[in-house]
Every structure is written in C-alpha cells, then in structure tokens.
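Topology and contacts: notes
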2 protein chains.
Amino acid sequence: MADYIESLQRLAEKFGQLEGVGRKSAMRMAYSVLEMSEEEVQEFARALTDAKEKIHLCPICQNLTDRDICPICADESRDKSTICVVSDVRTLASIEKVREYNGQYHVLHGVISPIGGVKPDQLKIRELLERVGRNDVKEVIVATNPDVNGEATAMYLGHLLRPLDIKVTRLAYGVPMGADLEFADEITLSRALEGRRDV
Amino acid sequence: MADYIESLQRLAEKFGQLEGVGRKSAMRMAYSVLEMSEEEVQEFARALTDAKEKIHLCPICQNLTDRDICPICADESRDKSTICVVSDVRTLASIEKVREYNGQYHVLHGVISPIGGVKPDQLKIRELLERVGRNDVKEVIVATNPDVNGEATAMYLGHLLRPLDIKVTRLAYGVPMGADLEFADEITLSRALEGRRDV
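The rules we used
Just so you know, the residues in each chain are numbered from 1, in the order the chain's sequence is written. Lettering for chains starts from A, numbering for ligands starts from 1, and both go in the order in which the items are written. Only residues with pLDDT of 70 or above have their local features reported here, since the model is predicted, and side-chain atom pairs are shown and tallied only from 80 upward, although totals for entire chains, interfaces and linings are computed over all residues. The side-chain values count all of the structure's non-hydrogen atoms but skip hydrogen atoms and water molecules. Contacts were defined at the residue level, with two residues in contact if any of their heavy atoms lie within 4.5 Å. Within this document, salt bridges are pairs made up of a side-chain nitrogen of Lys or Arg and a carboxyl oxygen of Asp or Glu, the two lying within 4 Å of each other. Only runs of H or I of at least four residues qualify as helices and only runs of E of at least two qualify as strands under DSSP, and these elements are numbered from the N terminus. Patches draw on residues past 30% relative accessible area with no salt bridge. Two like charges within 9 Å are joined, as are two nonpolar side chains (Val, Leu, Ile, Met, Phe, Trp, Tyr) within 5 Å. What sets the accessible areas is the Shrake-Rupley method with a 1.4 Å probe; for residues, cover comes only from the shown protein chains. Here, a disulfide means two cysteine sulfur atoms that sit within 2.5 Å of each other. Buried means the residue's accessible area, taken with a 1.4 Å probe over protein chains only, is under 20% of the maximum for its type, while exposed means over 50%, and partly exposed covers the values in between. We call two strands paired when DSSP finds no fewer than two bridges between them. Superposition of the copies used a least-squares fit over C-alpha atoms from residues whose pLDDT is at least 70 in both. Pairs were defined over the aromatic rings of Phe, Tyr and Trp, the Trp ring being its six-membered one, requiring ring centres within 6.5 Å. Orientation was assigned from the angle between planes: stacked under 30 degrees, edge-to-face over 60, tilted for the rest. Any Lys NZ or Arg CZ found within 6 Å of a ring centre and within 35 degrees of that ring's normal is scored as a charge over the ring. Domain extents, as shown, originate in an automatic or database domain assignment. How far a helix is expected to stretch is found by multiplying one less than its residue total by 1.5 Å.

**Looking at the interface of chain A and chain B**
- Each partner contributes to the interface: chain A provides 53 residues, whereas chain B provides 53 residues.
- Across the contact surface, chain A and chain B share four salt bridges.
- Between Arg-10 of chain A and Asp-50 of chain B there is a salt bridge whose closest N-O contact spans 3.6 Å.
- Elements supplying a minimum of two residues to the side of chain A that touches chain B: helix H1 (6–16), helix H2 (23–34), helix H3 (38–54), strand E2 (64–65), helix H4 (71–74) and helix H5 (89–98) of chain A.
- Considering every element that reaches the side of chain A that touches chain B, the biggest residue donor is H3 of chain A, with 15 residues.

**Some details on a nonpolar patch on the surface**
- On the surface, Val-175, Leu-181 and Leu-189 of chain A cluster together into a nonpolar patch covering about 220 Å² of accessible area.
- Position of Val-175 of chain A among the secondary structure elements: in the loop between strand E6 (167–170) and helix H8 (186–194).

**What about the state of the cysteines?**
Residue and element names in this part refer to chain A.
- Scanning all chains against the criterion turns up zero disulfides over all chains.
- Cys-61 supplies the cysteine sulfur nearest to Cys-58, a cysteine that is in no disulfide, at a spacing of 3.8 Å.
- Assessed through its relative accessible area of 0%, Cys-58 is described here as buried.

**Re the pairing of strand E6 (residues 167–170) of chain B**
- Alignment of strand E5 (residues 139–142) of chain B against E6 of chain B, held across four bridges, turns out to be parallel. Pairing of Glu-139 of chain B across the sheet is with Lys-167 of chain B, part of E6 of chain B.

**Observations regarding the relation of the copies chain A and chain B**
- Expressed as a screw transformation, the operator carrying chain A onto chain B has a rotation angle of 180 degrees and an axial translation of 0.0 Å, and the superposed copies differ by an RMSD of 0.1 Å. As the rotation angle and translation indicate, the two copies are arranged about a two-fold axis. Considering only C-alpha atoms, the part of chain A nearest the rotation axis is Ala-45 of chain A, at 2.2 Å.
- Looking at the interface residues of chain A, 100% of them are also at the interface in chain B, so both copies use one shared face.

**Describing the packing of aromatic side chains**
- With the rule as written, the count across this model stands at seven aromatic pairs over all chains.
- Ring plane angle 75 degrees and centroid distance 6.3 Å describe the contact between Phe-15 of chain A and Phe-15 of chain B, whose orientation is recorded as edge-to-face. Pair noted here: Phe-15 of chain A is in helix H1 and Phe-15 of chain B is in helix H1 (residues 6–16), and the two residues belong to different chains. For the pair Phe-15 of chain A and Phe-15 of chain B, one class covers both residues: buried.
- Between the aromatic rings of Tyr-101 of chain A and Tyr-105 of chain A, the centroid separation amounts to 5.1 Å while the plane-to-plane angle is 65 degrees, which identifies the pairing as edge-to-face. Taken as a pair, Tyr-101 of chain A and Tyr-105 of chain A share a single burial class, namely buried.
- Of the aromatic side chains, those joined through ring pairs into one cluster are Phe-15 and Phe-44 of chain A together with Phe-15 and Phe-44 of chain B.
- Residue placement shows Arg-191 of chain B over the ring face of Tyr-173 of chain B; its charged tip is 4.5 Å from the ring centre.

**Some remarks on the domain arrangement of chain A**
- Split into domains, chain A comes out as domain 1 (2–54) and domain 2 (78–172).
- Using C-alpha coordinates to define each centre, domain 1 of chain A is positioned 36 Å away from domain 2 of chain A.

**Focus on helix H3 (residues 38–54) of chain B**
- Here H3 of chain B spans 24 Å end to end across 17 residues, near enough to the 24 Å set by a 1.5 Å rise per residue.
- Regarding H3 of chain B, the residues found buried are Val-41, Phe-44, Ala-45, Ala-47, Leu-48, Thr-49, Asp-50, Ala-51 and Lys-52 of chain B.

**Comments concerning the pattern of salt bridges**
- Counting across every chain of the model gives 18 salt bridges over all chains.
- Among the salt bridges present, the one from Lys-14 of chain A reaches Glu-43 of chain B, with a minimum N-O distance of 2.7 Å. Residue Lys-14 of chain A is located in helix H1, and its partner Glu-43 of chain B is located in helix H3; the two belong to separate chains.
- On the basis of relative accessibility, which here comes to 8%, the residue Lys-14 of chain A falls in the buried class.
- Where Glu-19 of chain A meets Arg-90 of chain A, a salt bridge forms, and the shortest distance between an N and an O atom there is 3.0 Å. Pair noted here: Glu-19 of chain A is in the loop between H1 and H2 and Arg-90 of chain A is in helix H5, with a separation of 71 residues, a long-range link.
- For Glu-19 of chain A, a relative accessible area of 34% gives the class partly exposed.
- By relative accessible area, which is 33% here, Arg-90 of chain A ends up partly exposed.
- Members of the salt-bridge network, linked through shared partners, are Glu-6 and Arg-10 of chain A together with Asp-50 and Lys-54 of chain B.

Laid out in structure tokens, this is it:
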C-alpha cells in the first residue's frame, strides 16, 4: 500500500504545504515525481533551492528579485516621482502586465488588518516613508484591494503621507469593463455613480 | 515584474510538469516556496531526491516500495495463492484501503490500449506469467477499470492464464452502493441484472 512508503509520504506532505494544494493533489504530485527521470528530479530539487537562495526583496521597492536591485527600480526610463503601493508581488505583476504604468512600485507585503492582527509595523511602511523622504516623490497611488483592510491601509497611508505634501491617490472604483449592470452590486454601483465623469 | 525572475520562472515550470498542475497554480506554488524558511526548502528538495532514489518497483509484484520487497509481498500472513492484478499503484492503494482483500497484488503499470499504442509487452505481463509459473497460484482477480481498455486487458490475461489451469476472475459489475437506479446507465443496469444473486 502506498501509505507504507515513507519517502513518498514525506514528499506528498511537502507538496501539501504549498498554497492551494490539498491532500489528494499532493499525493498525485508525489506520484508524478516518481515518473520523472532521475535527472529531472535533480533539476527540480535544484530549482527549489536556487529560487530560495537567489530570490530576495529588492532593497528599494521590496519586490522579489534575483538581482541586487529589481529591474523596475533599476530602469532609468521609469518615472521616479510616482510610487504605486501594492499589498503583494502578484498584484504588482498584474499591474505590470497592463503596460500602462511607468512609475515605481512599493510592495507592503500585506495590508493592515485589525481582525487578522496585522499591524502597520509588520508591513513595509517604514521603508516606504524612508523612500519618500529621500527622493522627490510627488504622488503615491495606493493600489490595495477595494475591501475593508485594503481601504484601512489606504487611509492610514494617506494620513501619513499627506502632511509630507505628497499627493495620495487610490485606483478608481466603478463597474468593471464588460460587466452587466443588472448584476452589479449596490456598493459598486453607488461608487460608480459617485465617480461619474464627462464623456 | 515576476516574469523577470528567472529562478522563480524555472521553479514554476518544474511544478507545471507535475500531473494536474496548470500554469497559474504552478506560479502560485513557486511563490509559496519563497515564503518557506530556508530549512524547509532544503527539506523539500531532499524529499524530492530521496523519494526518487529510494523508491523502486518491488521485484515480485511491481508495486512501488522503498524496501527490497514490498510489505505486502513480505507479509507471510497474506494468501499467496490469489493475485489481484491492477493497472496502477493507486488502484492498489484503493483496494488495500478497503481491508477486505488478503491476497497478493500485481501491478501492470498500464492497460493494453490499441488506440493509445500500448502493447502487452510494454506492461508487466511477462513478470506476472513468471510469477504464476513459479508459485502455487490458484486465482487471478483482474481488477482493471470497467472500460474498453480495462476489459481488453482482462480478456487478454484470461486467454493467457486459463490454459495454465488458473481461475481468472473479474470484479463484479453492478450498480454502485447508494446509487439512484433511476439515473444508472443502461450498460451498468444490464450488467447488474445479468449478475443478480439470491438474497
């Protein structure tokens, strides 16, 4: 029986520790490792330790990178006077994919959450303030999620940054493109009305 | 942007090679590796190579094992005269979980598939015949799936084994426990009628 094989079980446990992987999927993944060639498995193991060893936070924007400074911070063509604040690296990747934004980023690595017990000093807010103080930053766009914690974080940052004479903005609220207005929720609709613009 | 990080990308690719893992899940898994401690990642890498190094096929039943002979074949209390033939290791694990069967197993590592191009000599059929010839086997239960390839494999094995004066049986077909007869398909119902028994 498969459960007898200790090393398989241990491997499945490791897969199970990854985000979004359940017990059954973890076991299936462990089985498929056995179907790989020895070389492929070695490479896989190397890719794991390599990624962990090489990737660290960019000392400027706190994004993940395997270089001294991340390519975005190192890119001289990007506007240094605007910083887009995101809660995590994946949001940064999503915004970057749009290819509309040409400023800098700052990754907080979380949002303030009174219920979740996440306090401002656990986020990369100090690093943001230092950065803003050191450089000629004119605008900070707070691109946290439009939910309770994301809003609280945005308000907190607004509170900190406005006295420093920095414009603090938030992404526009409204109905998403392609949405059916019939099914839009009330809060979204009310925000969309509030933020209506001339055509 | 995340796509810039070569070592992260490479790790995500490795996860994507596993069965049932899509591109987005693979990326999510790669990110969650970065959230592990360095020690945990080292352990993960070790678990990978360990499993691949230690696990091999049991020389008797072709089940996966990390010992010389798998615990089922090594278990003296199990009936050596009955062999349950399964297509893969996971089916074996499922049958073993029921704790009803006390005989031996034999893993074919696939089923005959004319369309998929799987021929009998690519399966562990020769090993089964050798085993049956060497030992005092009385019955072979063919527990392949009740589909075209599984049936073909069962018939093929029946053809080979019956002349050796070995009873070849197949799992019972019928309606699954708890099923609603209204929704049972016709083939299943007709097989269930065919195989009816006295109560």
